[in-house]
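Given next are the chains, with one letter for each unit.
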Amino acid sequence: SPRARGVLRSRYTESSLPSGPRGRTFKRVLPEAKPLLAALGDVAEELGRTPAQVSLRWCIEKGTIPIPGARNARQAEENAATLSFKLSPEQVLRLDTAAAGAGVEMPGMPTDS
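In this numbering scheme, every chain counts its residues from 1 along its sequence in written order. A pLDDT threshold of at least 70 governs which residues receive local features in this predicted model, and a stricter bar of 80 or more applies before side-chain atom pairs are shown or counted, although totals over entire chains, interfaces and linings include all residues. Side-chain numbers come from the whole structure's heavy atoms, not from hydrogens or water.

**Points about the overall build of the protein**
For clarity, the cut-off: Helix and strand definitions follow DSSP, with helices as H or I runs of at least four residues and strands as E runs of at least two, each counted in order from the N terminus. We call two residues in contact when some of their heavy atoms are within 4.5 Å. To measure how exposed things are, a 1.4 Å probe is used in the Shrake-Rupley method; for residues, cover is taken only from the protein chains shown.
Looking only at helices and strands, the protein has 4 helices and 0 strands in total. The linear arrangement of helices and strands in the protein, starting from the amino end, is α-α-α-α. A separation of at least 24 residues holds for 67% of the contacts in the protein among residues at least 6 apart in sequence. Summed over all atoms, the accessible surface of the protein reaches about 6,400 Å², with 53% contributed by carbon and sulfur.

Below is the structure:
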């Protein structure tokens, strides 16, 4: 997943987890991801975007070509809007730094090589 299996979408919280194995993974990962989720939220607020859009844009800025999923037209439009803005080098650095300090080990993070 380009957004660490959904963690970077900021959809779930420790009190609102998905069911099944994914929920168990999120329960373990979300506390570690708090600094990164906070940085995503801060950048999103600065840009007037959603954390999900910023996480996709971050993937693009890191040189990947994410293939995001969308369950409805609203999500598809939100994903497409990711192409209409860019992150500053400082914002990318903030996200990279937060990710490095988060200690989250999950395939699909934009910092993966």
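**Regarding helix 3 (residues 73–80)**
The line we're drawing: Burial classes follow relative accessibility: with a 1.4 Å probe on protein chains only, a residue under 20% of its type's maximum area counts as buried, one over 50% as exposed, and anything between as partly exposed. Taking the helix axis as origin, the arc is that swept by the directions to the C-beta atoms. Side-chain atoms alone can form a polar contact between residues adjacent in sequence; in general such a contact is a pair of N or O atoms within 3.5 Å, and within protein one must be able to donate a hydrogen while the other accepts it.
What helix 3 keeps buried is the set Gln75, Glu78 and Asn79. What you see down the axis of helix 3 is that its buried residues fit within an arc of 100°, all on one side. Turned more than 90 degrees away from the buried face of helix 3, the exposed residues are Ala73, Arg74 and Glu77. On the buried face of helix 3, the contacting elements are helix 2 (51–61). Near the N-terminus of helix 3, the side chain that reaches the backbone nitrogen of Arg74, with its oxygen 3.1 Å away, is that of Asn72.

**Thoughts on the side chain of Gln75**
Looking at the secondary structure, you find Gln75 in helix 3. A distance of 2.6 Å separates a polar atom in the side chain of Gln75 from the backbone nitrogen of Arg71.

**Focus on the environment of Ala38**
Residue placement: Ala38 occurs in helix 1 (residues 20–47). Residue classification places Ala38 among the partly exposed positions, given a relative accessible area of 41%.

**Quick notes on the side chain of Thr82**
Note on placement: Thr82 falls in the loop between helix 3 and helix 4 (89–102). On the basis of relative accessibility, which here comes to 1%, the residue Thr82 falls in the buried class. A polar contact of 2.9 Å, which involves the side chain of Thr82, links it to the backbone oxygen of Asn79.

**What about the nonpolar core?**
To keep things clear, this is the line we draw: Think of a nonpolar core as a cluster: buried Ala, Val, Leu, Ile, Met, Phe, Trp, Tyr and Cys residues, connected wherever their side-chain atoms sit within 4.5 Å.
Leu36, Leu40, Val54, Trp58, Leu87 and Leu95 are the most contacted members of the largest nonpolar core, which has 16 residues in total. Those elements that provide at least two residues to this core are helix 1, helix 2 and helix 4. The element contributing the most residues to this core is helix 1, with 8 residues.

**Describing the pattern of salt bridges**
Inclusion rule: Basic side-chain nitrogens of Lys or Arg form a salt bridge, by our definition, when they fall within 4 Å of a carboxyl oxygen of Asp or Glu.
Under the criterion given, the structure shown has 5 salt bridges. Between Arg94 and Glu90 there is a salt bridge whose closest N-O contact spans 3.0 Å. In this pair, Arg94 and Glu90 both sit in helix 4, 4 residues apart, roughly one turn of the helix. Classification of Arg94 by relative accessible area gives partly exposed; the value is 25%. Exposure remark for Glu90: the relative accessible area of 43% places this residue in the partly exposed category. What emerges from the salt-bridge pattern is a single network uniting Glu46, Glu90 and Arg94.

Spatial relationships are all this shows, so hold off on functional conclusions.
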